[in-house]
Amino acid sequence: MWTLFLLAQHYDRRGQYEIALSKIDEAIEHTPTVIDLYSVKSRILKHAGDLAAAAAFADEARCMDLADRYVNSECVKRMLQADQVVLAEKTAVLFTKDGDQHNNLHDMQCMWYELASAESYFRQGNLGLALKKFLAVEKHYADITEDQFDFHSYCLRKMTLRTYVEMLKFQDRLHSHAYFHKAAAGAIRCYIKLHDSPPKSTAEEDNDMSKLLPSQKKKMRQKQRKAEARAKKEAEEKNEESSASGISKSGKRHAKPVDPDPRGEKLLQVEDPLLEATKYLKLLQKNSPDSLETHLLSFELYMRKQKILLAFQAVKQLLRLDAEHPDSHRCLIKFFHKVGSMNSPVTDSEKLVWSVLEAERQTISQLHGKSLFETNNSFLEKHEASLMHRAAFGEMLYVLDPNSRSEAVKIIEGSTNNLMPRKNKGERKWKDGAATSLSMVVASSPLLKRFEIASRNGALGPVGEWKLIDCIAVHKLLGTVLVDQDAALRWKVRCAEYFPYSTYFEGSGSSASPNSALNQICKSAENGSSSHSVADHIVESVTSNGKQETFKDLTI
């Protein structure tokens, strides 16, 4: 069983998800009571692109041991990745004090939960709650900074100078932590999206209502009343829970602060979203200067603010970090295309900026003596075999010449999913890391002995170079930027063959299929309760306090 457990993870690491799932299913059939098997199957399904099935199997693992906080946290992560925020909150409350998960998780500075829920809200388009969660993580770091002041006099009084110096060094690199980087970058993305698509004002909403028919107006008002009543009822229930949990054993009532903005609506009512985003961008530039994401956000922000020199500074930083990255190429072409389309300088300051850009352009090797079209073509010649580089070329070709959209689509669709070399860096690193544990069991396992011989002969099966996240990005590029729905549909059908477990591409093995892994979990051992939906199954597993429907008739 453990040999199959190891093989499933190995094939998952190589990207051969179908074989990995067959191995882990064989291990589960052998010993269906091991929790780790369900956790690994959940992880494999997550990598394969079926997030709903991954959440369901993570919940199965959680129900097998309700006292395990780690398994519970893994289940919450999978649910948030599948955008099942309500179910994730119900699962997280099982390990929080007095059942008030929001206040307790915030007070305990549980940043991974707040970041995961913020990303989920952002994917769903709920900018208010997403921004609220991102800023909550930023507040944790502000609290940590304030807490350091208590230790200055303490360390000097107790003469713990070595620890005091370590604390000062920690304070210097506090905002370079990965969690703060994610929170600041997420807040910047929220503010940029808020700037691009500002919420409608009351006058605009009234104007839209006046254009509707009387029957449509009536339905709209009914929906608004229901939504207001639902929100009021939820607020009353939360107040009752907080008041009930605020009574201690001695009978005293502990007053808890009431959140004045539970939906994050006030955070969206800012006059200048780009100004708010600049505050967090400066922290990223200071503490994460070697991150591509920092300078990509800087470029997007300053281009919207018409700060030409600051945007060019971001382009230079991107070229310094990775000049061949597709996003670096995009920013380079976009910037000089924007500069070329600007009016001739009139004022002295504009002339000075123009002269600086002309002088700096000569120092960029990609543009030296070339036009933007030639630079774009040479970029394609260098990286003709890479999917993301071809996508960047096609997008920039469309930016430079909107009439060449068909040519750009043809270049992207001409990409081929080449097989990876037999010994790539990732596989070699994986083999080196597993060499010790593998050698311990190879001698006693005929299956692993055959596996080792197959790996030496290169008979483990082909592995394509394309990644699921890259193919999703290309599909969005075809549908939203190039605005070619037929090409996007063709790409979706093509990628469904490469990624059969992806729910985004609606593959044959994904949750949309009746024979998928997600529907298998809903089938009972004997009574065949396959008519239940996945959501019902997860809700039952959360509210049943650990009644394992799948294993109730299991005999060992």
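Residues numbered from 1 in each chain as written. Predicted model: local features only at pLDDT ≥ 70, side-chain atom pairs only at ≥ 80, totals over all residues. Heavy atoms only, no water.

### Topic: the packing of helix 20 (residues 372–382) against helix 21 (residues 387–400)
Thinking step 1. The N-to-C vectors of helix 20 and helix 21 enclose an angle of 165°; their axes lie 9 Å apart at closest approach. Taken together, the axes of helix 20 and helix 21 lie roughly antiparallel to each other. For the pair helix 20 and helix 21, the sense of crossing is left-handed. Here Leu 372, Phe 373, Asn 376, Asn 377, Phe 379 and Leu 380 of helix 20 lie close against helix 21, whose contacting residues are His 389, Arg 390, Ala 392, Phe 393, Met 396, Leu 397 and Leu 400.
Thinking step 2. Residue composition of the contact of helix 20 with helix 21, by class: 9 nonpolar, 3 polar and 1 charged. (Axes fitted to C-alpha atoms, helices over the stretch in contact; angles between N-to-C directions. Helix = DSSP H or I, 4+ residues; strand = E, 2+ residues; numbered from the N terminus. Parallel < 35°, antiparallel > 145°, perpendicular 65-115°, else oblique. Left-handed = near helix turned anticlockwise from the far one by under 90°. Contact = heavy atoms within 4.5 Å. Nonpolar A, V, L, I, M, F, W, Y, C, P; charged D, E, K, R; others polar.)

### Re the side chain of Gln 148
Thinking step 1. Topologically, Gln 148 is positioned in the loop between helix 9 (127–147) and helix 10 (149–158).
Thinking step 2. For Gln 148, the residues in contact, after removing those within four places along its chain, are Met 167, Phe 170 and Gln 171.

### As for the nonpolar core
Thinking step 1. One finds Phe 134, Ile 188, Phe 299, Phe 335 and Phe 336 to be the most contacted residues of the largest nonpolar core, which totals 68 residues.
Thinking step 2. Looking at this core, the element that brings in the most residues is helix 12 (residues 178–196), giving 10 residues.
Thinking step 3. With residues near it in sequence (within four places) discarded, Ile 188 still touches Ala 277, Tyr 280, Leu 281, Leu 284 and Leu 297.
Thinking step 4. One finds Tyr 11, Ala 27, Leu 37 and Tyr 38 within the second-largest nonpolar core, a separate group that totals 24 residues. (Core = buried A, V, L, I, M, F, W, Y, C linked by side-chain atoms within 4.5 Å. Buried < 20%, exposed > 50% of the residue type's maximum accessible area, 1.4 Å probe, protein only.)

### Brief notes about the packing of aromatic side chains
Thinking step 1. Tallied over the full model, the rule gives 9 aromatic pairs.
Thinking step 2. On the basis of an interplanar angle of 90° and a centroid distance of 6.1 Å, the ring pair of Trp 112 and Tyr 113 is categorised as edge-to-face.
Thinking step 3. Ring geometry for Trp 466 against Tyr 498: centres 5.3 Å apart, planes inclined by 75°, an arrangement best described as edge-to-face. With Trp 466 in the loop between helix 24 (446–457) and helix 25 (468–481) and Tyr 498 in helix 26 (residues 485–498), this pair connects stretches of sequence that are 32 residues apart.
Thinking step 4. Three or more aromatic residues link up through ring pairs in this structure, and these residues are Phe 312, Phe 335 and Phe 336.
Thinking step 5. Over the aromatic face of Trp 112 sits the side chain of Lys 77, whose NZ or CZ is 5.4 Å from the ring centroid.
Thinking step 6. A cation sits over an aromatic face here: Arg 361 above Phe 336, 5.1 Å from the ring centre. (Phe/Tyr/Trp six-rings, centres within 6.5 Å; stacked < 30°, edge-to-face > 60°. Lys NZ or Arg CZ within 6 Å of the ring centre and 35° of its normal.)

### Let's talk about the side chain of His 329
Thinking step 1. With respect to the helices and strands, the residue His 329 is situated in helix 18 (residues 326–340).
Thinking step 2. Note on His 329: relative accessible area 4%, which makes it buried.
Thinking step 3. A distance of 2.7 Å separates polar atoms of two side chains, one belonging to His 329 and the other to Asn 376.
Thinking step 4. For His 329, the residues in contact, after removing those within four places along its chain, are Thr 375, Asn 376, Phe 379 and Met 396. (Polar contact = N/O pair within 3.5 Å; in protein donor to acceptor, adjacent residues only side chain to side chain.)

### Thoughts on helix 15 (residues 273–287)
Thinking step 1. Its 15 residues give helix 15 an end-to-end C-alpha distance of 22 Å, which sits within 8% of 21 Å, the value for a rise of 1.5 Å per residue.
Thinking step 2. What helix 15 keeps buried is the set Pro 273, Leu 274, Ala 277, Thr 278, Tyr 280, Leu 281, Leu 284 and Asn 287.
Thinking step 3. Each element contacted by the buried residues of helix 15 is listed here: helix 9, helix 11 (161–172), helix 12 and helix 16 (292–304). (Expected span 1.5 Å × (residues − 1).)

The values are spatial; any link to function lies outside them.
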